[in-house]
Amino acid sequence: MAHSQQTAPFDYVIFGATGDLTMRKLLPALYNQLRVGHVPEEARIIGTARSSLSRDEYIARAREALENFLPEQHKNAELIERFLKKVHYVTLDGTKSDHNWDDLKAVLDQSPADRIRVFYYSTAPQLFEAISENLHRFGFITPQSRVVLEKPIGTDSASAKAINDGVSRFFEENQIFRIDHYLGKETVQDIIALRFANPIFSAVWSAEHIQSIQITAAETVGVEGRAAYYDTSGALRDMIQNHLLQVLSLCAMEPPADLEADSVRDAKVNVLKALRPIPEDKVASETVRAQYVKGELKGKPVPGYLEELGDESHTETYAVMRAYIDTPRWKDVPFYIRTAKRSTKKVSEVIVTFKKSASSLFGTSAASDRLVIRLQPDEGFGLALNIKNPAAAGFDLQHGSMTGKFAPADGSLIPDSYERLMLDAVRGYPALFIRRDEVEAAWAWVEPTLKAWAANKAPMAHYAAGSYGPEEARRFIATTGDAWHEDMAH
Ligand SMILES: NC(=O)C1=CN([C@@H]2O[C@H](COP(=O)(O)OP(=O)(O)OC[C@H]3O[C@@H](n4cnc5c(N)ncnc54)[C@H](OP(=O)(O)O)[C@@H]3O)[C@@H](O)[C@H]2O)C=CC1
Ligand SMILES: O=C1O[C@H](COP(=O)(O)O)[C@@H](O)[C@H](O)[C@H]1O
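Quick caveat: nothing in here was measured; it's all calculated off a predicted structure.

**Description of the overall build of the protein chain**
So, step 1. When its secondary structure is counted, the protein chain shows 15 helices and 17 strands.
So, step 2. C-alpha atoms of the protein chain, sized along the principal axes, occupy 80 × 50 × 45 Å.
So, step 3. Looking at the protein chain as a whole, 54% of its 490 residues are labelled buried.
So, step 4. The long-range fraction of contacts in the protein chain, counting pairs at least 24 apart against all pairs at least 6 apart in sequence, stands at 77%.
So, step 5. Of the roughly 20900 Å² of accessible surface on the protein chain, 52% is carried by carbon and sulfur atoms.
So, step 6. With 57 positive and 66 negative side-chain charges, the protein chain shows a separation of 2 Å between the mean positions of the two kinds.

Okay, structure coming up:
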């Protein structure tokens, strides 16, 4: 899966180049890839948005973004200037056929006609089809072109299909790169390494030995400046339908034939298709949804979701789903998928709880072995095992831990997920992007829950900002004999 060499020359055309994502993630990612030598000298970045800006004005914004969002140790004044020389800007409404497409053509025509072009849609998904149609109308889509689609791909199955159909009118599936930035996290790819490169795990990775798997992505932030988007989305659409179901499919997939894109994506989609449906009348018992109310974080008072929003809302900021995968490997093993805004701490992790030893040697004192895969922060893994308690007079057991870091061997920082993904699109390497059938299978599974929640068929719980979540979630997981990681004895 490693593709760490320099790419061929490319023109990266970003729609939505004045937006938050471009400034916070995309420009810093491309700079960092230049810094490590993966971006060739001829490469160019062409920002477009409706805002009327000169190239110099846009470059000034880009410089400020790099200043604000690059880690200190990556800032290098000379390199930043070299990067900014690559940056161009075209004022353009991507949805209007009578806008400044000639200006974009003038910039693109400065490169050879067979130059790799990546069109990155960092805009609302409702614009994707119209932008694609204009790119086609003006002859910009060459055989060497790819398009990157930002999330969300729809808000349900029907809208996802409409977006996919709209873009597919102008791009072949092998030109379409649907971003899920969790797949670009090096630590998420470590799930594949841990599972398949270590016989001590591959040998026990099934219902025979595993009691349950928890997948959590908790954040301390609320909805920040994104309330308008978030309130129409909610935690399930924002995190579970995409990122966490991708993590689940990596945890649960059968060994792929190789690490080629379609082998891995075939293995993942088979998991998504094998998810046991949760019919609307089971949603109340198989899911928990909740909204945060006012609380405290790091000693400071934090307002509740409704106060932040300034309005009434039935949008969940916390969601849990219990998933079963109907394959022999995962027979009756619960997967708990959980996400939260305004949680106690930011953590994304996978907790694999193994079944207790069948040996009668230790009575009831043996606890479950547990593998913790810490996706972020403090990226690494821990294995909690039964060892003898040296202080006990008899043969009592206690948990001892083995830990390791996912840090690069050379001591450098783990690259941000967008770095890897943006250049994989240039390379035409789609393994870490989501195929259309994956998006649609994920929507199909979550849809009955979305419908049941919209129809109020499951109660809305509440939790204090700065807490781990609602009491209802504790009771929920206990019904299948488990406890949340933070509540387990360590
Ligand atoms: N921000 C984030 O952390 C994340 C964002 N995303 C997704 O990325 C996309 C962009 O998000 P974000 O940057 O936050 O959004 P912003 O609202 O900050 O930016 C939207 C961008 O789109 C441009 N735009 C709007 N209409 C048009 C148009 N008709 N033609 C050309 N450009 C247009 C805007 O510029 P102008 O008004 O000048 O045209 C602006 O540059 C969204 O789909 C979002 O869901 C996904 C994950 C995380
Ligand atoms: O896609 C999204 O992800 C972020 C969380 O990403 P992470 O890499 O910090 O875990 C989340 O805050 C945002 O609401 C969501 O749209």
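**Points about the UniProt feature "binding site: substrate" (unreviewed entry) in the protein chain**
So, step 1. Annotation from UniProt places "binding site: substrate" (unreviewed entry) at H181, K185, E219, D238, K341 and K346.
So, step 2. Structurally, K341 is set in the loop between β12 (335-340) and β13 (347-354).
So, step 3. Residue K341 is classed as buried on the basis of its relative accessible area of 7%.
So, step 4. Engagement of the side chain of K341 in a polar contact is seen with the side chain of E219, the distance being 2.9 Å.
So, step 5. Tracing the backbone shows K346 in the loop between β12 and β13.
So, step 6. On the basis of relative accessibility, which here comes to 39%, the residue K346 falls in the partly exposed class.
So, step 7. Contacts of K346, omitting those with residues within four sequence positions, involve A218, E219, T220, Q376 and P377.

**Structural notes on the UniProt feature "domain: Glucose-6-phosphate dehydrogenase NAD-binding" (unreviewed entry) in the protein chain**
So, step 1. Mapped onto the present numbering, the UniProt feature "domain: Glucose-6-phosphate dehydrogenase NAD-binding" (unreviewed entry) falls at residues 13-189.
So, step 2. In residues 13-189, helix accounts for 41% and strand for 16%; the two terminal C-alpha atoms are 27 Å from one another.

**Here's the deal with unusual backbone geometry**
So, step 1. The step from K151 to P152 runs through a cis peptide bond, and the omega angle for that step is 0 degrees.
So, step 2. Considering the arrangement of structural elements, one finds P152 in the loop between β5 (145-149) and α6 (157-168).
So, step 3. Here Q376 and P377 are connected by a cis peptide whose omega angle stands at -20 degrees.
So, step 4. Mapped onto the elements of the fold, P377 is located in the loop between β14 (370-376) and β15 (380-388).
So, step 5. In this model, E224 sits at a positive phi of 45 degrees, which is unusual for a non-glycine residue.
So, step 6. Residue position: E224 is located in the loop between β7 (210-218) and α9 (227-252).

**Side note on the pattern of salt bridges**
So, step 1. Under the definition given, this model contains 41 salt bridges.
So, step 2. E67 is the salt-bridge partner of K75, the closest N and O atoms lying 3.1 Å from each other.
So, step 3. A salt bridge links R420 to D424, with the shortest nitrogen-to-oxygen separation between them at 3.1 Å. Here D424 and R420 lie together in helix α13 (residues 417-427), a separation of four residues that amounts to about one turn. In this structure, R420 and D424 share a single accessibility class: buried.
So, step 4. A cluster of three or more residues bridged by salt bridges with shared partners is formed by D262, R265, D266, R435 and D437.

**As for the site of ligand 1**
So, step 1. For ligand 1, the set of nearby residues contains 23 residues, the closest of which are T18, D20, R24, R50 and S51.
So, step 2. Between ligand 1 and the protein, one listed contact pairs an oxygen atom with a side-chain N or O atom of R24 at 2.5 Å.
So, step 3. Between ligand 1 and G94, the relevant distance is 3.0 Å, taken from a nitrogen atom to a main-chain nitrogen or oxygen of the residue.
So, step 4. Burial of ligand 1 by the protein chains amounts to 78% of its free accessible area of 880 Å².
So, step 5. The greatest single-element share of the shell around ligand 1, amounting to three residues, is contributed by helix α1 (residues 20-35).
So, step 6. A breakdown of the residues in the shell around ligand 1 according to their chemical character gives eight nonpolar, eight polar and seven charged.

**Side note on the nonpolar core**
So, step 1. Membership of the largest hydrophobic core comes to 148 residues, with the highest contact counts inside it found for Y12, F83, Y120, Y121 and V350.
So, step 2. When residues of this core are assigned to their parent elements, the largest contribution, 13 residues, is made by α9.
So, step 3. Setting aside its immediate chain neighbours within four residues, Y12 contacts L30, R44, I45, I46, V118, Y120, V148, M422, A425 and V426.

Parameters at a glance
- Residues numbered from 1 in each chain as written.
- Chains lettered and ligands numbered in written order.
- Predicted model: local features only at pLDDT ≥ 70, side-chain atom pairs only at ≥ 80, totals over all residues.
- Heavy atoms only, no water.
- Helix = DSSP H or I, 4+ residues; strand = E, 2+ residues; numbered from the N terminus.
- Buried < 20%, exposed > 50% of the residue type's maximum accessible area, 1.4 Å probe, protein only.
- Contact = heavy atoms within 4.5 Å.
- Areas by Shrake-Rupley, 256 points an atom, 1.4 Å probe, with all protein chains shown as cover.
- Lys, Arg positive; Asp, Glu negative; His and termini not counted.
- Charge placed at Lys NZ, Arg CZ, Asp CG, Glu CD.
- UniProt positions renumbered as here; feature names shortened; annotations may be inferred.
- Polar contact = N/O pair within 3.5 Å; in protein donor to acceptor, adjacent residues only side chain to side chain.
- Salt bridge = Lys/Arg side-chain N within 4 Å of Asp/Glu carboxyl O.
- Near = heavy atom within 4 Å.
- Nonpolar A, V, L, I, M, F, W, Y, C, P; charged D, E, K, R; others polar.
- Core = buried A, V, L, I, M, F, W, Y, C linked by side-chain atoms within 4.5 Å.

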